[in-house]
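# A structural walkthrough
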Amino acid sequence: MNTAVQRLEEEVRQLIRRRGVDPQRDPKGAIKLIAEAVADYDSRSLAGSVPRLEEQESVSKTLHDLFIGFGPLQPYLDDDSIEEIWINNPSLIFVSRSGVAELTNTILTEDQVRDLVERMLRTSGRRLDLSSPFVDASLPGGERLHVAIPDVTQRHWAVNIRKYVARARTTSDLVALGSLTTQAADFLDAAVAGGLNILVSGSTNSGKTTMINALAGAIPSAEHIITCEEVFELNLFARDIVSMQTRSANLEGKGEVPLRKLVKEALRMRPDRLIIGEVREAEALDLLIALNSGIPGMATIHANSAREAVTKICTLPLLAGENITDRFVVPTVASAIDLVVHLGLERGGRRYTQEILVLSGRVEGSVVEAATVFTHDGNQLRRTGTPLPHLDRVRLNDAAGEESPWVRS
């Protein structure tokens, strides 16, 4: 940073203190202050009293990022091609484009990392200290922040920022991106509109949230939707929606609102559709109970295959307590879950739908009966010869009264 910019930065900092402007809470006031400071400095530089200011617009952007944004990380947050940012230590800052990691040339200090994290958490209401060495929070722009600090980490603060890049609002958008075929998209739209319960599975960064958002595009507009998440990530374009996220305990260890509590409270809000951002633990039981009560819903889950997702959703409810057994859970899963959409992620970062599994509702021994109706053959998603169940619950005809293309083999 050249001498002129450093001097101007200090002048802006003093103005902020003198006028009592909080850039995070009053960004418009801070923008006005920066503009005044730059204009004043430019006039003084023309008079020769201070060093000349080169590229005024670039300097204003740098000051904006420093005081209103998140400093050296802001250009990465503004870059739509970047999906993720993480800091292993102040001199090792990485970004990910299309699933490929890149080491940046940005170098920070320990104090700068701490200051950035504190600013990120200021509007979230979440805290980070020795008693709570982890934090999961949403940034104002919708990004998801996760931080771990020593002595959980060996030496440095570990910071991860996952950006949600809105790639798809409907399944048609996924067809355009090459993640779905038209036939599979029509089938999924019909399934959602018909109220089938859908589990979206896949590895980290495989596009589960994007898929849920796209599927939600087929939910009838008259429905009342409730979403429950650990941290806000879903971005549904619906007119009647209530979104809720979990809350950590306060300094006294009180006030925590876990995901299980959100799911239970959501049922009291009389939803027409329930969406769970991600099922990780015992909240799987509450999800199954909700779906089994006749409320259509969707959820995401980490798994390596569609069948593994079924196994996992049969196992997680057992964490709810010793009185919950697989004799209750397995048949409940069979009757509550209708479809599993499993997503894949290639080494080059391409995301695609790997398979669509249909649960028949029957149990053989202790195994939920399921069949693959769409599978990826290495080139595209294709229909298998498996007959499609649930035909009585989905829309077989389009507006013109013609047979929907997904019904045809």
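Further up the page is the structure itself.
Let me begin by describing the structure that accompanies this report.

Criteria and cut-off values
Residues numbered from 1 in each chain as written. Predicted model: local features only at pLDDT ≥ 70, side-chain atom pairs only at ≥ 80, totals over all residues. Heavy atoms only, no water. Pairing = 2+ DSSP bridges. Helix = DSSP H or I, 4+ residues; strand = E, 2+ residues; numbered from the N terminus. Axes fitted to C-alpha atoms, helices over the stretch in contact; angles between N-to-C directions. Core = buried A, V, L, I, M, F, W, Y, C linked by side-chain atoms within 4.5 Å. Buried < 20%, exposed > 50% of the residue type's maximum accessible area, 1.4 Å probe, protein only. Parallel < 35°, antiparallel > 145°, perpendicular 65-115°, else oblique. Left-handed = near helix turned anticlockwise from the far one by under 90°. Contact = heavy atoms within 4.5 Å. Nonpolar A, V, L, I, M, F, W, Y, C, P; charged D, E, K, R; others polar. Salt bridge = Lys/Arg side-chain N within 4 Å of Asp/Glu carboxyl O.

## So, the sheet that holds strand E15 (residues 381–383)
Strand pairing within a sheet occurs via backbone hydrogen bonds; the two strands may be parallel or antiparallel. Ordered in space as E9-E8-E10-E11-E7-E12-E13-E14-E15, the nine strands form an open sheet in which the pairing is mixed. Each edge of the open sheet carries a strand with a single partner, namely strand E9 (241–245) and E15. Each adjacent strand pair in this sheet contributes to an overall mean axis angle of 25°, direction not counted. Pairing analysis gives five bridges linking strand E7 (residues 198–202) to strand E12 (residues 339–345), with the strands arranged parallel. For Gly-202, the partnering residue across the bridge sits in E12 and is Leu-343.

## As for the nonpolar core
It is characteristic of soluble globular proteins that their nonpolar side chains tend to be buried jointly. Grouped together as the largest cluster of nonpolar side chains are 40 residues, with contacts concentrated most on Cys-228, Leu-274, Ile-276, Val-333, Val-340 and Leu-359. By size, the runner-up hydrophobic cluster in this structure holds 32 residues, among which are Ala-168, Leu-174, Ile-225 and Met-298.

## Some remarks on the packing of helix H9 (residues 259–267) against helix H10 (residues 283–292)
Put simply, H9 and H10 touch, their axes get as near as 8 Å, and they point 15° apart. Relative to H10, the element H9 lies roughly parallel. For the element pair H9 and H10, the recorded crossing hand is left-handed. Residue-level inspection shows Leu-259, Arg-260, Val-263, Lys-264 and Leu-267 of H9 in contact with H10, the latter providing Glu-283, Leu-285, Asp-286, Leu-287 and Ala-290. Looking at the contact of H9 with H10, its residues break down into six nonpolar, no polar and four charged.

## So, the pattern of salt bridges
Tallying each qualifying case throughout the model produces 23 salt bridges. The salt bridge partner of Arg-44 is Asp-40, with a shortest N-O separation of 3.1 Å. With Arg-44 and Asp-40 both in helix H2 (residues 27–46) and four residues apart, the pair spans about one turn of that helix. Here Arg-44 falls in the partly exposed class, since its relative accessible area comes to 22%. One salt bridge connects Arg-97 with Asp-79, and the closest N-O pair in it is separated by 2.9 Å. Here Asp-79 lies in the loop between helix H4 (74–78) and strand E1 (84–89) and Arg-97 lies in strand E2 (residues 92–97), a separation of 18 residues in the sequence. On the accessibility criterion, Arg-97 (27% relative accessible area) is partly exposed. Because the salt bridges share partners, they merge into one network encompassing Asp-136, Arg-144, Glu-230, Glu-233, Glu-278 and Arg-280.

## Points about the pairing of strand E14 (residues 367–376)
As paired elements, strand E13 (residues 351–364) and E14 share seven bridges and run antiparallel to each other. Bridge pairing links Val-363 to Val-368 in E14. Counting the residues between successive antiparallel strands, the hairpin from E13 to E14 contains two residues, one of them, Gly-365, with a positive phi of roughly 70°. Pairing of E14 with E15 involves three bridges; the strand directions are antiparallel. Paired with Phe-374 across the strands is Arg-383, a residue of E15.

## Quick notes on the sheet that holds strand E3 (residues 100–103)
Spatial strand order, E3-E2-E1-E6-E5-E4: six strands in an open sheet with antiparallel pairing. Strand pairing shows two members of the sheet lacking a second neighbour, E3 and strand E4 (134–138), which therefore form its edges. Sheet twist, expressed as the average angle between the axes of neighbouring strands with direction ignored, equals 15°. Looking at chain direction, E2 and E3 are connected through four bridges and run antiparallel. Following the sheet pairing, Ser-96 is matched in E3 by Ala-101.

That is the geometry; function is a separate question.
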